[in-house]
Amino acid sequence: MTKDIILPDLGEGIDEVDISEVVVAEGDSIKAEDTLIVLESEKASMEIPSEQNGKVKTVYVKVGDQIKPGDKIVSLEISDQDAAAAAAPEKESSAKKSQPKPDPEPPTLKPTSAPLPPSKSAHASPGVRRLARELEIDLSQVPRTGRKGRLTKEDLHNYIKQRMAGGGPAPMPEIDFSPWGEIEEQPLNKIKRITGERMQQAWNTIPHVTQYDKADITDLDITRKALKKDWAKKEVKITFLPFLMKAVAQVLEEMPEFNSSLNPAGDVLILKKYIHLGIAVDTPQGLMVPVVRDVNKKDVIALSKELMDVSERARSKKIKLDEVKGAGFSISSLGGIGGTYFSPIVNPPEVAILGVSRTAMEPVYNEKEKTFKPRSILPYSLSYDHRVIDGASAARFTARLAELLSDPDSIPGIPSAGKEDK
Ligand code: CAO
C-alpha cells in the first residue's frame, strides 16, 4: 500500500516554515522515526520524522519550499508486514480521533545521549551554515547532538553561548586613541598574526596548569664552563640550554605521556617514540619554534652546534617549513634575558612545555654542615594540558628534572672537558 506522510501541527502558532534540508530521496528505505526533512523557523530548527517504515516513492518537497501543516512531504510504499505492524496503533489512534485532542507536541530535535566530538564533515542545514558563516564560526569546531551525528542550530547556539561565557575572546570595540596623544599604527606581520591565532586557540581549548620548580645547577654550571672554555676555540658556544635539552629528553623517555598528543576526539593518546624538541627562538620578526630532532641520540656538543645553526637561521628567515614541524615537547628559555618564572602556553598538538628563567645565586641550607651555602638555582615552570597530565605527574616531572640537573653525571650525553678534539 502507499501512504502520504503529511506535516503535523507544529504548535506555538507556527503555520508556515521553510524547508532547509530534505534528508530522504526517492527509492530510500526508511524506518519509523528516521528524519524526512529539516525545517527552519525564526524560533527553531526542527526535524520531521517518518511515522513508519517504508520505501520512499515520491518526495513532494524541495529545499527552500515553504510548507504548512497538512502539506504532503513524501509518499511511502509500505509492505504488508509493516502495514500490519502499524495497524494496531493506527486503530487505536483512529478511535481517539473522534474525541477532542490537545495540540500535538511540536516535533523537536532529540539529542543523542552525549554530544559527538566536532567533525570536519558534519552535516548541518543550510540555515545553520549561513548563521555560522555570518558569525565567522568554524563548524568543524562545534560538538554535535543531532540525529545521525548532524550539527543542529541548538548545537551552534550552545557553542556561541559557551564562547560568550568565557570560552572565546569578546570582540574588542574599535577605539580611537588619538584624542589622548600621538599614536602610530603598526600592522602585525604574518608570523605574529599566526602565532597570535595559535596561542589564542591553545588558550581557549587547553585546560592549562603550570607547575613551578627549581634546580640546583651549581655542579652543572662548573661542567658547562669547562666545556665552554674548551669549545670557544672552535667557535662553538656552549650555553646552558643543550644540557637542559638532554635532561628533558631523559625525563621524556621515563615519562612518555609528556611527549604525546591527544587525538581530536579527545579519547586516544598518541605517544611518540622519538624525542624532537621545539625550541622557542626570539627573532626580530617574532617568535619562531624550530625543532631539534632526536635529542636523546645527540650529545651536548652536537646540540650546541645545532642550536647555534638553527637559531641563527630562524633570525635570518632561513628556516624551512619542515624544520618547524614534528616537535613532541617544547622549551622556551628566557634565561639569557632574565625573569623569575613565567607560565608558557602549551603549543598544540603538544601537551606540555617547559619555561626556563634566569639562574640566580641563592642561599641553600646544607644539612651536613648546618649552614647556608651560595648555590646557582635555576627556576623553571612546566605548563601542561590537564586533560592528559595529572598534577602529580607534573610534579614528578619537574622533581625528576631537578634531580638530573643537580647531578651532571646522571645526564647522558655530556662529554668530559678537555676532550674537545675527539
Ligand atoms: N640562566 C642564566 N644564564 C643563562 C640562562 C639561564 N637560565 N640561559 C642562558 N643563559 C646565558 C647563556 O649561558 C649565555 O651566557 P654566556 O654567553 O655567558 O654563556 C647567555 O645567557 C645568552 O644565551 P643565549 O640566549 O644566547 O643562548 P641560549 O642557548 O640560552 O638560548 C635561544 C638560545 C635561541 C633559545 C635564545 O637566544 C632565545 O631566543 N630565547 C628566547 C626564547 C623566547 O622568546 N621565548 C618566549 C616564548 S613565549 O613568548
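It should be noted that the structure appears before, not after, this text.
## Section: the site of the ligand
- Around the ligand, a shell composed of 22 residues is seen, among which Lys237, Thr239, Arg315, Ser357 and Thr359 lie nearest.
- Take Ser332: an N or O atom from its side chain is 2.9 Å from a nitrogen atom of the ligand.
- Within the backbone of Thr359, one N or O atom sits 2.8 Å away from a nitrogen atom of the ligand.
- In isolation the ligand exposes 960 Å². Once the protein is present, 73% of that is buried.
- Mapped onto the shell around the ligand, the elements with two or more residues apiece are helix 5 (218–232), strand 13 (281–283), helix 7 (300–315) and strand 16 (329–333).
- No other element matches helix 7, which puts 3 residues into the shell around the ligand.

## Details of the nonpolar core
- Within the largest apolar cluster, 48 residues are counted, with the highest numbers of intra-cluster contacts made by Leu244, Met245, Leu277, Phe329, Ile331, Leu354 and Leu405.
- Secondary-structure elements contributing two or more residues to this core are helix 5, helix 6 (241–254), strand 12 (277–279), helix 7, strand 16, strand 17 (352–356), strand 19 (371–385) and helix 8 (391–405).
- Ranked by the residues each element gives to this core, the list is headed by helix 6, at 9 residues.
- If we ignore the near neighbours within four places in the chain, the residues touching Leu277 are Met245, Val248, Leu252, Pro290, Val291, Val292, Val295, Ala327, Phe329 and Ile331.

## What about the side chain of Ser393?
- Mapped onto the elements of the fold, Ser393 is located in helix 8.
- Beyond its immediate chain neighbours, meaning those up to four positions away, Ser393 contacts Met255, Glu257 and Phe258.

## As for the pattern of salt bridges
- In the structure shown here, the tally under the stated rule is 18 salt bridges.
- Between Glu367 and Lys370 there is a salt bridge whose closest N-O contact spans 3.5 Å.
- Linked through salt bridges whose partners overlap, the residues forming this network are Asp216, Asp219 and Arg375.

## A closer look at helix 4 (residues 190–205)
- Taking 1.5 Å of rise per residue, the 16 residues of helix 4 would be expected to cover 22 Å, and the 22 Å separating its terminal C-alpha atoms lies within 8% of that figure.
- Residue Asn189 occupies the N-cap position of helix 4, its side-chain oxygen lying 3.2 Å from the main-chain nitrogen of Ile191.

## What to know about the sheet that holds strand 8 (residues 72–77)
- A sheet is described by the order of its strands in space; here 4 strands give the open sequence 1-8-6-3, paired in antiparallel fashion. Of all the strands in the sheet, just strand 1 (2–6) and strand 3 (29–30) have a single pairing partner and so form its edges.
- Of the pairings in the sheet, the one linking strand 6 (residues 54–59) to strand 8 comprises 4 bridges and is antiparallel in character. By the bridge assignment for strand 8, Val59 is matched with Val74.

## A closer look at the pairing of strand 16
- The element strand 16 is largely enclosed, with a buried count of 4 among its 5 residues.
- Relative to strand 16, strand 12 runs parallel, the two sharing 3 bridges. The residue of strand 16 that forms the bridge with Ile279 is Ile331.
- Here 4 bridges tie strand 16 to strand 17, and the two strands are oriented parallel to one another. Of the residues in strand 17, the one forming a bridge with Ser333 is Val356.

Each value, and the rule that gives it
- Residues numbered from 1 in each chain as written.
- Predicted model: local features only at pLDDT ≥ 70, side-chain atom pairs only at ≥ 80, totals over all residues.
- Heavy atoms only, no water.
- Near = heavy atom within 4 Å.
- Polar contact = N/O pair within 3.5 Å; in protein donor to acceptor, adjacent residues only side chain to side chain.
- Areas by Shrake-Rupley, 256 points an atom, 1.4 Å probe, with all protein chains shown as cover.
- Helix = DSSP H or I, 4+ residues; strand = E, 2+ residues; numbered from the N terminus.
- Core = buried A, V, L, I, M, F, W, Y, C linked by side-chain atoms within 4.5 Å.
- Buried < 20%, exposed > 50% of the residue type's maximum accessible area, 1.4 Å probe, protein only.
- Contact = heavy atoms within 4.5 Å.
- Salt bridge = Lys/Arg side-chain N within 4 Å of Asp/Glu carboxyl O.
- Expected span 1.5 Å × (residues − 1).
- Pairing = 2+ DSSP bridges.

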